[in-house]
Amino acid sequence: KMKKTIKFIDLFAGIGGIRKGFELACADRGLNTKCVFTSEIKPHAIDILQQNHPGEEICGDITKIDAKDIPEFDFLLAGFPCQAFSSAGKRLGFEDTRGTLFFDVARILKEHQPLGFVLENVEGLVNHDKKNPSDKIGKTLSVILKTLDELGYKVSWRVLNAKNFGVPQERKRIYITGTKKTAPDLDHFDESYQ
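Residues numbered from 1 in each chain as written. Predicted model: local features only at pLDDT ≥ 70, side-chain atom pairs only at ≥ 80, totals over all residues. Heavy atoms only, no water.

S.K.: So, the sheet that holds strand β2 (residues 32-38): which residues are in play, and what are the values?
M.R.: Here we have 6 strands laid out as an open sheet, ordered β2-β1-β3-β4-β6-β5, and mixed in their pairing. The sheet is open, and its two borders are formed by β2 and β5 (154-161), each paired with just one other strand. Sheet twist, expressed as the average angle between the axes of neighbouring strands with direction ignored, equals 20°. Of the pairings in the sheet, the one linking strand β3 (residues 75-78) to strand β4 (residues 116-122) comprises 4 bridges and is parallel in character. Its bridge partner lying in β4, L77 is registered against V118. The strands touched by helix α4 (residues 139-150) within the sheet are β4, β5 and β6 (172-179), with β6 carrying the most contacts at an inclination of about 20°. (Pairing = 2+ DSSP bridges. Helix = DSSP H or I, 4+ residues; strand = E, 2+ residues; numbered from the N terminus. Axes fitted to C-alpha atoms, helices over the stretch in contact; angles between N-to-C directions. Contact = heavy atoms within 4.5 Å.)

S.K.: Outline the nonpolar core, listing residues and values.
M.R.: Ranked by internal contacts, the top residues of the largest apolar core, which has 35 residues, are L11, L76, F102, V105, I108, L119 and I176. Per element, the largest residue contribution to this core is 6 residues, and it comes from helix α3 (residues 101-112). Once you skip the residues sitting within four places of it in the chain, I176 turns out to touch F117, V118, L119, L125, L141, I144, L145, L148, V155, S156 and W157. Among the nonpolar cores identified, the runner-up in size contains 9 residues, and I6, C26, F75 and V118 belong to it. (Core = buried A, V, L, I, M, F, W, Y, C linked by side-chain atoms within 4.5 Å. Buried < 20%, exposed > 50% of the residue type's maximum accessible area, 1.4 Å probe, protein only.)

S.K.: Now, about the pattern of salt bridges: what can you tell me, with residues and values included?
M.R.: Summed over all chains, the structure comprises 9 salt bridges. A salt bridge links K68 to E111, with the nearest nitrogen and oxygen atoms 3.5 Å apart. Separated by 43 residues along the polypeptide, K68 in the loop between α2 (43-52) and β3 and E111 in helix α3 bring together distant segments of the chain. For E111, a relative accessible area of 37% translates into the label partly exposed. Each of R19, E23 and E56 takes part in salt bridges that share partners, so that together they form one network. (Salt bridge = Lys/Arg side-chain N within 4 Å of Asp/Glu carboxyl O.)

S.K.: Quick one: what's the story with the side chain of E23, residue by residue and with numbers?
M.R.: Structurally, E23 is set in helix α1 (residues 17-28). Not counting residues within four places of it along the chain, the set of residues in contact with E23 comprises F8 and T33.

S.K.: Before we move on, could you go through the packing of aromatic side chains and cite the residues and values that matter?
M.R.: Counted by the stated rule, this structure contains 4 aromatic pairs. Arranged with centres 5.5 Å apart and planes meeting at 50°, the rings of F22 and F75 form a pair that is tilted. Here the residue F22 occupies a position in helix α1, and F75 occupies one in strand β3, the gap between them amounting to 53 residues. Ring centres 5.2 Å apart and planes at 75° place the aromatic pair F117 and Y153 in the edge-to-face group. With F117 in strand β4 and Y153 in the loop between α4 and β5, this pair connects stretches of sequence that are 36 residues apart. Y153 shares its class with F117; the two are buried. Among the aromatic residues, those joined into a ring-pair cluster are F8, F22 and F75. The side chain of K180 reaches across the aromatic face of Y153, ending 4.3 Å from its centre. (Phe/Tyr/Trp six-rings, centres within 6.5 Å; stacked < 30°, edge-to-face > 60°. Lys NZ or Arg CZ within 6 Å of the ring centre and 35° of its normal.)

S.K.: Tell me about α3, residues and numbers included.
M.R.: Spanning 12 residues, α3 covers 17 Å between terminal C-alpha atoms, matching the ideal 16 Å at 1.5 Å per step. For α3, a buried count of 9 out of 12 residues is recorded, marking the element as mostly surrounded by other parts of the structure. Among the residues making up α3, those that are buried are F102, F103, D104, V105, A106, R107, I108, L109 and H112. Along its buried surface, α3 packs onto β1 (5-11), β3, β4 and α4. Looking one or two places after α3, you find Q113, whose phi comes out positive at around 50°. (Expected span 1.5 Å × (residues − 1).)

This is the structure:
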């Protein structure tokens, strides 16, 4: 019986860390993976990606790529930069994300409607652009979550520390994941690597 192949795209790919984790997680579950599109603009990151994935094309600036030109895929991976959204918008959602790099994630999700996504960002995203100290999360994360909900995804997010997963350093990052079917469970990881 043929194993299913999960096709994915890697945006703001950096040196491919999110991709590596995704590939390993799929392999643990007996799934094949195929990266069908990679976008990165930093020359040093592109050099490393090309060494690690010879023969794969690395596309440049995602803001200049039409979503229709991206091949069909099942999962979107993105370590997008943290930017504030315009305070001009009142709707809080997809339209408010224009002019930021998260908008490119949103427009590609909207066009392709993949099964799901894994987004990664700095821990500071949780409180970024917070208006009131009593707010649980800042405006930036609120807009992101609202936008993903508008696009039809059931979403979970959590800050995780790399040191709990076998990486020998403190590295806290927020992971925002979602699928069309259910919000992924981010509360039951095996953190027994210490």
